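Summary of the model geometry
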Amino acid sequence: MNVSRSARQPGIDALRILGAVLVVGLHVGAFPEWPHWLMATSRAAGRWVVPFFFVVMGYFVGIRPSWRQPAGAALQRVWRLVVVWNVIYAGALVLMVGLGPAVERIVSSATITRGVWGPLWFLHSALAALLVVYLLPAWLASRWAWLLIAAMLMVCSAVDSLTLLRRVSWEVMYVSRFVGGIGLVWLGVKLASIPSHVLSRRWPHLLMVGLLLGLVQAYLLYRRAGAPTELQMPVGAMLCGVAAMGAGFALPSSPSAERMADWGRRLALGIYLLHPLMIETLRALDISRSDALWAAAAGLSIGALLVLERWLPGAKARLDGQ
């Protein structure tokens, strides 16, 4: 049964802006200027963000009395985002590699699970997840869906590890990550049946278990000559994403939290979608230091969105899928 609750959660919205900035750091890549332990810690510490975004998306569909209407509205918005941003990145790709190679990449089968540009896989995965919620709400409402979702996420995380052990190809990992995103949206829908005050009380426990599972997976991978810092969807990070949602429920109201929540609602999605262009532009300008690239790409993305919001609100709304 769905529980009707407010779709506005300032604590969760505040975490969106933090998560978006952390994603920029993940996409910058390695940080050779930093000690290895610090670089590894920073990358591992940001892996909760994508699961958090997926789970929250599903949660705000699941809290409605009927899933079809909010899932349909979300589908329309995500579809608009898919079209607009794939067109933007297709143009950027043509400028970077030329028309022929760009067209070859755009029409490849990998575009379904990765998008024209890598970070767009998030939208494609969310679109597939929401389509199932819209078409098969009764199936997802069944208790058996919990087991399927858990199995999906465990298998996808295992494929992630096997990729880094060179047992499966990166192409398989990209498909697995796409499927994992679907499972996380469904998990968010199912979590909406749990009272938010339960998650808000239990988030420290979820976080501790998630961190422990993440350390265990990273250690086992390291022992077998893998690269744990390159894990895309560690099972512990998925649990940490749920913990972050619970922490958002528990975050007390304050002027600073409300301000961050406002930034999260207005800017987080745009930062996620726009920052890869900023990273490539800055690299073309020979900005090579990773931490400077991170700060500059995040700052420029925020600045560009604020300029659009102020002077071209229609364009900003289009980029947000409105």
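Described in the following lines is the structure provided in the data block.

Observations regarding the overall build of the chain
The helix and strand tally for the chain stands at 15 helices and zero strands. Its C-alpha atoms give the chain a radius of gyration of 19 Å, within 12% of the compact-globule value 20 Å for 322 residues. Overall size of the chain, expressed as C-alpha extent along the three principal axes, is 55 × 55 × 40 Å. A burial count over the chain gives 48% of its 322 residues as buried. Long-range contacts, defined as pairs at least 24 residues apart, comprise 81% of the intrachain contacts of the chain with a sequence gap of at least 6. Of the roughly 15,400 Å² that the chain leaves accessible, carbon and sulfur atoms contribute 69%. Placing the 28 positive and 13 negative side-chain charges of the chain at their respective mean positions leaves the two points 11 Å apart.

Comments concerning unusual backbone geometry
In this structure, R166 is a non-glycine residue whose phi angle is positive, near 60 degrees. Along the chain, R166 turns up in the loop between α9 (144-164) and α10 (170-191). Of the residues examined, R166 reaches a relative accessible area of 63% and is grouped as exposed. Of note, the phi angle at D286 is positive, near 65 degrees, even though the residue is not glycine. Taking relative accessible area as the criterion, D286 reaches 68% and is therefore assigned exposed.

Remarks on the packing of α9 against α10
Remark: α9 packs on α10, axes separated minimally by 8 Å, with the N-to-C direction vectors making an angle of 150 degrees. Judged by the inter-axis angle, α9 sits roughly antiparallel to α10. In this structure, α9 crosses over α10, and the sense of that crossing is left-handed. A breakdown of the residues in the contact of α9 with α10 according to their chemical character gives 17 nonpolar, four polar and two charged.

Side note on the pattern of salt bridges
The tally for this structure, following the rule as stated, stands at eight salt bridges. Of the charged contacts, one joins E230 and R43 as a salt bridge, the two residues approaching to 3.8 Å between their closest N and O atoms. Of this pair, E230 sits in the loop between α11 (196-223) and α12 (235-250) while R43 sits in helix α2 (residues 36-45), placing them 187 residues apart in sequence. Between R266 and D262 there is a salt bridge; the shortest N-O distance is 2.7 Å. With R266 and D262 both in helix α13 (residues 255-284), this residue pair falls four residues apart, about one helical turn. The exposure class of R266 is partly exposed, given its relative accessible area of 26%. Judged by its relative accessible area of 28%, D262 is partly exposed.

Quick word on the nonpolar core
F52, F54, W85 and M245 are the most contacted members of the largest nonpolar core, which has 82 residues in total. If near-sequence neighbours (up to four positions away) are discounted, M245 is found in contact with I12, F52, V55, V56, Y59, L191 and L199.

Focus: the packing of helix α7 (residues 121-135) against α10
For the pair α7 and α10, interaxial distance at closest approach is 8 Å and the crossing angle is 50 degrees. Between α7 and α10, the interaxial angle falls into the category oblique. By crossing handedness, the relation of α7 to α10 is classed as right-handed. Between α7, through W121, H124, S125, A128, A129, L130, V132 and V133, and α10, the contact on the second element is made entirely by R177, F178, G181, I182, V185, W186 and V189. Grouping the amino acids of the contact of α7 with α10 by side-chain chemistry returns eleven nonpolar, three polar and one charged.

Looking at the environment of L269
For L269, the position within the fold is in helix α13. When near neighbours in sequence (up to four residues on either side) are disregarded, L269 contacts R77, L81 and D320.

Considerations on the packing of aromatic side chains
We describe a pair of aromatic rings using the distance from one ring centre to the other and the angle between the two ring planes. This structure, assessed with the given rule, holds 14 aromatic pairs. Ring centres of Y89 and W117 lie 5.4 Å apart, and the angle between their planes is 35 degrees; this geometry places the pair in the tilted category. Within this pair, whereas Y89 is found in helix α4 (residues 68-97), its partner W117 is found in the loop between α6 (110-114) and α7, the two being separated by 28 residues in sequence. Each member of the pair, Y89 as well as W117, carries the same accessibility label: buried. With a centroid separation of 6.3 Å and 45 degrees between ring planes, the pair formed by W170 and Y174 is classed as tilted. Highlighted residues: W170 and Y174, both in helix α10, separated by four residues, approximately one helical turn. Exposure remark for W170: the relative accessible area of 38% places this residue in the partly exposed category.

How each quantity is defined
- Residues numbered from 1 in each chain as written.
- Predicted model: local features only at pLDDT ≥ 70, side-chain atom pairs only at ≥ 80, totals over all residues.
- Heavy atoms only, no water.
- Helix = DSSP H or I, 4+ residues; strand = E, 2+ residues; numbered from the N terminus.
- Rg over C-alpha atoms; globule rule 2.2 N^0.38 Å.
- Buried < 20%, exposed > 50% of the residue type's maximum accessible area, 1.4 Å probe, protein only.
- Contact = heavy atoms within 4.5 Å.
- Areas by Shrake-Rupley, 256 points an atom, 1.4 Å probe, with all protein chains shown as cover.
- Lys, Arg positive; Asp, Glu negative; His and termini not counted.
- Charge placed at Lys NZ, Arg CZ, Asp CG, Glu CD.
- Axes fitted to C-alpha atoms, helices over the stretch in contact; angles between N-to-C directions.
- Parallel < 35°, antiparallel > 145°, perpendicular 65-115°, else oblique.
- Left-handed = near helix turned anticlockwise from the far one by under 90°.
- Nonpolar A, V, L, I, M, F, W, Y, C, P; charged D, E, K, R; others polar.
- Salt bridge = Lys/Arg side-chain N within 4 Å of Asp/Glu carboxyl O.
- Core = buried A, V, L, I, M, F, W, Y, C linked by side-chain atoms within 4.5 Å.
- Phe/Tyr/Trp six-rings, centres within 6.5 Å; stacked < 30°, edge-to-face > 60°.

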